[in-house]
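Here's the letter readout for the chains.
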Amino acid sequence: MPGGLTPDEQQTIELTGAVGYFEAKEPGSGKKTSDKKGFTLRGTRILSILSSLRLAISLFLILAFLTIFGTFIDQGREPGFYTSTYGDRWGGWIVRLKVDDIYHSWYYVSLLSLLCINALSCVYNRFPITVKSMFREKVNVSRDFLKKQKEYQELTLPKDSMPEGGAAAFIKTVLSRRRYRVQTVSDGNDTVVFGQKGVLGRIGSHTAHLSVIVILGGGLLGSLLGFRLFGTFYVHSTTFVPQGNFSLRVNKFWIDHYPNGMVKSYFSDLDVLKEGKVVRHKVISVNHPLEYDGLRFYQASFGDAFDRLKNAKVLVVNREKKQFLGQVMLPWNTLAPVPKTDLSLKVIRYVSDFAFDPKTKSVYSKSEKSGNPAIQVAIYQNGKELGTPWYFYNFPQIQVMKSIPYFIVFAGYKAPMYTGLEVAKDPGVKVVWAGSFLLVGGLFLSSYVYHRKIWVRIREQSGAVHLAVGGFGHKDRLGFEKEFHQVVRDLGVPRKADSLNAEGSATAVVAG
Amino acid sequence: MSVINTIGSSFLLYNTVVALYLVAGILYFLFLISHKKEMGQMASTVTFSGWVVNTAALVGRGLADHHAPWSNLYETLFLFSWASILGYMIMEMKYKVRVAGAFVMTLVLFAVGAAKLLPYRYQMVEPLNPALNSYWLKIHVFTMFMSYAAFGISASLAVIYLLKKRSESRGTTGWILKEFPNTDSLDDMTYKAVMVGFPLLTLGVIFGAMWAYEAWGGYWSWDPKETWSLITWFVYAAYLHARMTRGLRGAPSAWFSIGGFVSVVFLYWGVSFIIPGLHAYAA
């Protein structure tokens, strides 16, 4: 490494490959970069901290650590859940430290933002130097500079061993054979041959850094302007979707099974209606959503209705005589007479998991499961409504209305099936895919394409050719070391190398 | 066709794979002890035959199931072994490090051994549940397991590095560890394996996100499996950044790689068994 460089500058060389960039720098002249007129961020201390690797590594590790919590502690539950699960003390801390929704907490989001700033300032800081390293690397480097490189070797060869065209041309063929792009400059008595390859690998890390910002930007866009809603729909129902200003009609719903009875997939036949006209028709299933006007409808689930029935079976018993009078099948929301009595019944409500909210004094279904099925029945005697009590499938002994001379037992029911559709809009998703594409491209470039540079400084003196060979390999240190030594070996035996070349490339043979 | 179906859904090929890998593992260790070149060559040959049978087992399952042969835990373990051995064989050819086989094979034997210890109902050919029934299953899972294999190889090399380093610091080259390349090469190869794995992990997670967008309505749901893949990604991102300059080398780097692989194992097994979520297809 060139001497007299600050650790930050050495790091910059490693990261950008701009080996010659600091060559002219004298030891102790660190202020040179900030000599520019006017305000400039580049080279300031704050930027060097923000763009530092140390910060990046710390952020990755802190984020990894924090992310773990969210996988063990249920996210997004009500505060009471945490105190009842983890006790008052720990549950309280979980809520106070926002671990109950850690990925949206201010500190998690701040760390992600800081990571973006880190990536962005790294690009800002080093991209110009990278470009220099790729296209305007110093070719005419001194022997001292070469000596400071990781790989360095000196060779002395007799001049007459050089093939025709001279040493420079010979070195050029040796390097080109290994796919180096070669430049040559003359400097008085000396000639410098410079070759490099894999420059695209340099662009990789910058691309990856920028793409992270694109991906998070797309995510932000989606969370600000997008939504995900779940809805249950019934066959033959038409539902207005205000977010898209159209209606969705479910024509059909069915389930496919494997021969062993397992569910294979389930399907909903959907129409999108605009002003009464069908503008789109699609049969959706799991993994095959419908997209219309930026909104997507996913086949998410299916199940028995939790708020309506096809019909309910009730048993009627005489209260006083404990005498069974008969059973009636009550169609949903339709008045039906009970034989052998003067009663008519109508099922007006159904909940699959009965719950009562004392604040609003209303009944609702706690879940979509059939935890506590209940029906509300309007009871008519000779056309006059007596009341609308609730009856429970699991608790037939609960008979709220004492005024009528009958027990009514909720004995069975058939609920229609709903199709569970997820309705989602995410305007950021294309941005996320674009960012992902860049990220993968950038990572493959920076992980598989290695930037390598080799300089050969030639001095011809009294019948001998002195070569100073120095090189710099990015990332794949051992691979470069190996290649460097092979290059040196090739240079050291020009005649043999030349014949190798002739074998390798047909042109030489043909020309000869 | 029915013959293929019968072989594909039977355990004949899978059992052969386990047997061949076991023999190869023993041969690699014998090679370590005896330093006999022929032993090493034999180990490599058996490994290669095992891998061919492994390929056949995957293809057979695929034909019998009519879906990608990595749709449950049992099948993915054999995908892991397939990818690890493939990666190892490439490494063996390129870097002439036959001895590393002993350690990579140990890891693979843990995987296929675990597969064989699974309850019988988990080992069988099973039809796919609706969410898994997608071409993304082929792409996403395959890419993920290629990256797991690379990380597994990296961790195996890291273990060798640490053993070799320890024996060196005691002043002995180690009677067994003599065959191994020098610590510098091991260190570099550990890093390289991660460099192969990291872009694949990223690609695999992105494929997963694309699948989630097709199946669940959102590309990211903070489901435990997704989240652990992000944690693993953070860990290896930290590792790669730390390696970038000459900061992280040697033993700390080796431990870091092993730590990363612990995260992979948790992502693969821990999440399926400890934390329920959308990916809970194992049970």
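Here the structure is a predicted model, which means the values were calculated and not measured.

Caption draft 1: Looking closely at the overall build of chain B. Counting secondary structure elements, chain B contains 10 helices and zero strands. The N-to-C order of helical and strand elements in chain B reads α-α-α-α-α-α-α-α-α-α. The C-alpha radius of gyration of chain B comes to 19 Å, within 12% of the 19 Å expected for a compact globule of 283 residues. Expressed as lengths along the three principal axes of its C-alpha atoms, the size of chain B is roughly 60 × 45 × 30 Å. Expressed as a percentage of contacts within chain B between residues at least 6 apart in sequence, the contacts between residues at least 24 apart total 78%.

Caption draft 2: Expanded view of unusual backbone geometry. All names here are of chain B. A positive phi angle, near 60°, is found at His35, a position not held by glycine. Residue classification places His35 among the partly exposed positions, given a relative accessible area of 23%. Although it is not a glycine, Trp222 sits at a positive phi angle of roughly 55°. Looking at where Trp222 falls in the secondary structure, it is placed in the loop between α8 (183-215) and α9 (224-244). Its relative accessible area of 26% is what places Trp222 among the partly exposed residues.

Caption draft 3: Broad picture of the interface of chain A and chain B. Taken together, the contact pairs 54 residues of chain A with 52 residues of chain B. A per-residue breakdown of the area chain A buries against chain B is headed by Phe60, Asn287 and Trp433 of chain A, which together make up 14% of the total. The interface formed by chain A and chain B holds one salt bridge in total. Taken together, chain A and chain B are joined by 11 residue pairs in polar contact (both at pLDDT 80 or more). Listing elements by their share of the side of chain A that touches chain B, those giving two or more residues are α1 (7-16), α3 (53-72), α8 (200-225), β7 (263-274), β10 (295-304), β21 (417-425), α9 (429-448) and α10 (477-492) of chain A.

Caption draft 4: Spatial organisation of the domain arrangement of chain B. All names here are of chain B. If you check the domain split of chain B, you get domain 1 (1-128) and domain 2 (130-283). Each partner contributes residues to the interface: domain 1 has 29 residues there, and domain 2 has 32 residues. Together domain 1 and domain 2 conceal approximately 2,900 Å² of surface at their shared face, both sides included; 81% is due to carbon and sulfur atoms. The three residues of domain 1 that bury the most area against domain 2 are His35, Phe103 and Leu128, which together make up 21% of that side's buried surface. Where domain 1 meets domain 2, there are zero salt bridges. Taken together, the links from domain 1 to domain 2 amount to five residue pairs in polar contact (both at pLDDT 80 or more). Of all the secondary-structure elements, those providing two or more residues to the side of domain 1 that touches domain 2 are α2 (12-34), α4 (73-95) and α5 (101-117). Top contributing element to the side of domain 1 that touches domain 2 by residue count: α4, with 13 residues. Class assignment for the residues of the side of domain 1 that touches domain 2 results in 24 nonpolar, five polar and no charged.

Caption draft 5: Up close: helix α3 (residues 37-65) of chain B. Spanning 29 residues, α3 of chain B covers 42 Å between terminal C-alpha atoms, matching the ideal 42 Å at 1.5 Å per step. Phi turns positive, to about 60°, at His66 of chain B, one or two residues after α3 of chain B.

Caption draft 6: Seen up close, the confidence of the model for chain B. Averaged over all residues, the pLDDT of chain B equals 87, while 92% of them reach at least 70. Reported for the predicted complex are a pTM of 0.86 and an ipTM of 0.92.

Caption draft 7: Broad picture of the pairing of strand β23 (residues 464-473) of chain A. Residue and element names in this part refer to chain A. In terms of residue burial, β23 counts as a mostly covered element, since nine of its 10 residues are buried. Both strand β1 (residues 151-158) and β23 contribute to a ladder of eight bridges, which runs antiparallel. Directly across from Thr156, in β23, lies its bridge partner His466. Bridge count between strand β22 (residues 452-461) and β23: 10 bridges; the pairing is antiparallel. Looking across to β23, one finds that Arg452 is bridged to Gly473. What sits between the antiparallel neighbours β22 and β23 is a turn of two residues, in which Ser462 has the positive phi angle 35°.

Caption draft 8: View of the pattern of salt bridges. Residues and elements named next belong to chain A. What the rule picks out here adds up to 16 salt bridges over all chains. Salt-bridge contacts for Glu291 lead to Arg296; the nearest nitrogen and oxygen are separated by 2.9 Å. Among the residues examined, Glu291 registers a relative accessible area of 35% and is labelled partly exposed. Residues joined by salt bridges that share partners form a network here, namely Arg177, Arg178 and Asp490.

What counts and how
Residues numbered from 1 in each chain as written. Chains lettered and ligands numbered in written order. Predicted model: local features only at pLDDT ≥ 70, side-chain atom pairs only at ≥ 80, totals over all residues. Heavy atoms only, no water. Helix = DSSP H or I, 4+ residues; strand = E, 2+ residues; numbered from the N terminus. Rg over C-alpha atoms; globule rule 2.2 N^0.38 Å. Contact = heavy atoms within 4.5 Å. Buried < 20%, exposed > 50% of the residue type's maximum accessible area, 1.4 Å probe, protein only. Buried area = accessible area lost by both parts, 1.4 Å probe. Salt bridge = Lys/Arg side-chain N within 4 Å of Asp/Glu carboxyl O. Polar contact = N/O pair within 3.5 Å; in protein donor to acceptor, adjacent residues only side chain to side chain. Domains from an automatic or database assignment. Nonpolar A, V, L, I, M, F, W, Y, C, P; charged D, E, K, R; others polar. Expected span 1.5 Å × (residues − 1). pLDDT = per-residue confidence, 0-100. Pairing = 2+ DSSP bridges.

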